[in-house]
Amino acid sequence: MLNKATKILLWAIHLSSLFITAFSAEDTINIGAIFSLDTINGKVAKIAMAAAAADVNSDPTILGASKLLLSVYDSNFSGFLGIIGGLRYLEADTVAIIGPQASGMARTLSHLANELHVPMLSFTALDPILASLQYPYFIQTAPNDLFQMAAIADAISFYSYREVVAIFPDDEQSRGSIIALSEKLAERRCRIFYKSLLSPESLATTDDIMKELVKVSLLESRVIIVHAYADVGLKVFDVAHKLGMMEKGYVWFATAWLSTVLDSVVVSAETAKSLQGVLAVRPHTPDSERKRDFVSRWEKLSNGSVDLNPYGLYAYDTVWMVAHAIKAFKNEGGVISFSNNGIWKGVDGEALNRFEGGELLLRCLLKTNITGLTGRIAFDAEKSVMRPAFDILNVVGRGYKVIGYWSNYSGLSVLPPESLYSKAPNRSSSSQKLRAVVWPGQTTVKPRGWVFPDKARQLRVGIPDRVSYKDFVSRDENTNEVRGYCIDVFVAAVGLLPYAVPYEFISVGDGQANPSYNELTHMIVSNRFDAVVGDIAIVTNRTKTVDFTQPYTESGLVVVAPLRKLNSSPWAFMQPFTLSMWLVTGLFFLIIGFVVWILEHKINDEFRGPPRKQLITVLWFGFSTMFFAHRENTVSTLGRMVIIIWLFVVLIISSSYTASLTSMLTVQQLAPSIKGIESLLTSNDRIGFQQGSFTENYLMEELNIPKWRLVSLRTPEESAEALNRGRVAAVVDERPYVDLFLSKYCMFQVVGREFTRSGWGFAFPRDSQLAMDLSTAILTLSENGELENIHNKWLNKGACTLSHSLNSDQLQLKSFWALFLIAGVACFLALLLYCCSIAFKYKHHPVPTSSSSSTSCSRSIQSFLSFVDMKEEDEPRTMWKRKHSELRAHTRN
């Protein structure tokens, strides 16, 4: 319902309406437009819309015999006059209104459009709020500011900036856009550090702008976004140039207003000088033959009064969109008619009629799918233009260069968006690209984007005044020098920064106990410190209030437990060898006995006799070599070779066994009674923790260990004493502390797994740029090896000497496989030579013949086996040689 003021306004309009006379000709379709015609966009839109209406009316295939009657109303920079113009159009039975130019007027008129069912279309009132369901009859025919701000946010994130200053007029036209900017920055983990508000529209004076820019110049952030009207925006850059804010170190972004100025007017040399290095965005319109034709017509259409910009193209396409929608409207049986039908019952507003076909025309407008000068014209389910895109510009000289493009499809790219639509969308960081930029101050080096807000004050860096583990952080009482592993890492990282960082270390603690690290990091929030440096673990509750750098060392909680004596075992003599070692050694004793028996059997009486005796001889001889106690003599050369090699192997094995067994029986074998964090969770044993660390909270809150089981320990000495005397069953601490502890105390060791994974970092206020730069510096230290050198300097204390004797491993087969291989090869070669010798002798040994082939084969085998088993001196050939020798000896005598 309309209020009393609105009733009076409607009567005033009705009585004084001299602007439009409504003709009810059937062949005339009224559409209106509301713009401030002295603005750049107002001038360009008026020319472009007139050209579009003429082109539509000259094409009979669009509206047939009907004609578009376009009326343009000049709001003259006044919101009130803009509303008056809108009401006059609504009174004159207008089917659609193009405009208004400003979002504030659009919101007011949209409420009337909702009641009267008159669609409103605008390519300049681009507040994202106007795309909401609250304004169903308002359509934005150009990409609204939500996409423009997304493009700027992506560019800011691309250059790794995290905090920006926003300068904008405090009016409805800008507020919604800045809200959209804030949302898009937050999605990329960036934020608006400060909002600098200017007086609305032309009310912003040079003095007001100077006061605001002076405030901005004292801020930490040097990334500034200007979202304003053209006149105000140019004043901002002019004043900024005079204040020296367009020099090196500053980063300036401007929204689409700047590209509109640069496209449509020739700026003065002084103005161009104040804009050097600014980055701006411009609605992207793909190249096409229709666009080129229209651009060539523009000089004649405008008579040289103003140059074309993208919003002129959107103005032209908006008129065509209305024409195509009216055509579809008529094709679906729509009739242009207006009536009030009692909608103003109780209200004096009979002059305003409802468009009966407005709902159908709105549907036709939203179903638009045509190709215009700006490319494809279509809308998604949220009434936004499909495939919004922007050019990214860099102001150089009196013009600009295009350094890239942004699209809602693929983000930042150096390729036009239309060339990417045929590919799969890719928003990965590696695919985001822009060309080189000339920044303010005529430099191609990317500015840091922030400075210290107060150059006279040093960075206040809090450090813990530790009473233990001073290798990490300590202050010399005599020289007041701060040193330690953490300090050296911080100093080295600061030294890599491309700018100077003055700082001072401030100790926290009473020197009697380690300070609470949670309280230490909270001092950043309370503004007592600008940073905290030390052995600060990066844990969840701390990251909620402060930001940390990249971890410079890994950390995690581990359990340290004392070592206890093992009970002696009656089978201790078996421990020096593993099972596989025992089995292989035993097998080789049997193999050696068997091989020597084969080699000695024909020539050595000690290896002959009944089968039982020979089996016992094989077993006895093989195992007796273990103690070098074999009593049988070896006669054959091959046998002696095998025995010599095997005795060498036995010597090595027995010496190793003796040494290992001696070590096991003389050195106390120790083992922890606690097996890991799981053992502690299932017991009621007391647990020690380092005072001041986060361990206490973790054990209680995450592992639900009751407080009565926890014992606070101040120093490593106190921890060792508590473990030795049984005050605590184990100590839970961070890995770097434990490594130092174990380098001094050998009777303890880490048990179980490392059950948390974290790291140490330096703490800074939320969204600190210095934290980001130091993170990069720490990564550089890690890559060039300097971080490892600092670690070795402070923390490489060497291992405890007892720790090596506490882990006497069993002798394994892999340590002796070469010896067994040598023995095996010797046995194989001896058997091979022996077999060749036997075969040769048997070949010259007479074999009895037989008539049966099967009997002959069997007798041959039996003959061969008998020959092998026969003692060498009993062989016929040997006996003949012996008799021949005896005969010759007798003859001589």
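Before reading on, note that the structure itself is shown above.
Analysis parameters
Residues numbered from 1 in each chain as written. Predicted model: local features only at pLDDT ≥ 70, side-chain atom pairs only at ≥ 80, totals over all residues. Heavy atoms only, no water. Helix = DSSP H or I, 4+ residues; strand = E, 2+ residues; numbered from the N terminus. Buried < 20%, exposed > 50% of the residue type's maximum accessible area, 1.4 Å probe, protein only. Polar contact = N/O pair within 3.5 Å; in protein donor to acceptor, adjacent residues only side chain to side chain. Contact = heavy atoms within 4.5 Å. Pairing = 2+ DSSP bridges. Axes fitted to C-alpha atoms, helices over the stretch in contact; angles between N-to-C directions. Phe/Tyr/Trp six-rings, centres within 6.5 Å; stacked < 30°, edge-to-face > 60°.

Draft legend 1. Spotlight on the side chain of N144. Mapping N144 onto the fold places it in the loop between β5 (138-140) and α6 (145-158). We classify N144 as buried; its relative accessible area is 4%. Among the polar contacts listed, one links the side chain of N144 to the side chain of Q140, at a separation of 3.3 Å. Not counting residues up to four positions away in its chain, the partners in contact with N144 are L126, P128, A131 and S384.

Draft legend 2. Here's a closer look at the sheet that holds β5. Read across the sheet, 5 strands follow the order β2-β1-β3-β4-β5 without closing on themselves; strand pairing throughout is parallel. The sheet is open, and its two borders are formed by β2 (67-74) and β5, each paired with just one other strand. Strand after strand, the sheet turns through a mean of 25° between neighbouring axes, direction not considered. Sheet analysis places strand β3 (residues 96-98) next to strand β4 (residues 120-122), joined by 2 bridges and oriented parallel. Paired with I98 across the two strands is L121, which belongs to β4. The sheet contacts of helix α4 (residues 79-91) involve β1 (28-35), β2 and β3, and relative to β2 the element is tilted by about 155°.

Draft legend 3. Representation of the sheet that holds strand β10 (residues 279-283). With mixed pairing, the 8 strands of this open sheet are ordered in space as β7-β6-β8-β9-β10-β15-β16-β17. In the strand order of this sheet, the two ends are held by β7 (191-198) and β17 (411-413), each with one partner. The average angle at which neighbouring strand axes cross in this sheet is 30°, direction not considered. Pairing between strand β9 (residues 251-254) and β10: 2 bridges, direction parallel. Along β10, the bridge assignment pairs A254 with A280. The sheet strands contacting helix α7 (residues 172-187) are β6 (163-169), β7 and β8 (223-226), and the helix crosses β7 at an angle near 165°. Of the strands in this sheet, β8, β9, β10, β15 (389-396) and β16 (399-407) are in contact with helix α10 (residues 256-264), which crosses β10 at around 80°.

Draft legend 4. Local environment of the pairing of strand β29 (residues 730-734). Counted residue by residue, β29 has 5 buried out of 5 residues, so it is predominantly covered. Going residue by residue along β29, you find A730, V732 and E734 tucked away on one face and V731 and D733 tucked away on the opposite face as well. Two elements, strand β27 (residues 687-690) and β29, share 3 bridges in a ladder whose sense is parallel. Bridge pairing links G688 to V731 in β29.

Draft legend 5. Fine view of the packing of aromatic side chains. Scanning the model with the defined rule gives 35 aromatic pairs in all. With 6.4 Å between their ring centres and 45° between their planes, Y311 and Y314 make a pair best called tilted. In this pair, Y311 and Y314 are both assigned in helix α13 (residues 310-331), 3 residues apart and thus about one turn of the helix distant. Just as Y311 is buried, Y314 falls in that class too. Between F741 and Y745 the ring centres are 5.0 Å apart and the planes differ by 35°, which places this aromatic pair in the tilted class.

Draft legend 6. Examining the environment of L713 more closely. With respect to the secondary-structure elements, L713 resides in strand β28 (residues 710-713). With a relative accessible area of 2%, L713 lands in the buried category. Separated by 22 residues in the primary sequence, L713 and Q691 have C-alpha atoms spaced 5.6 Å apart.

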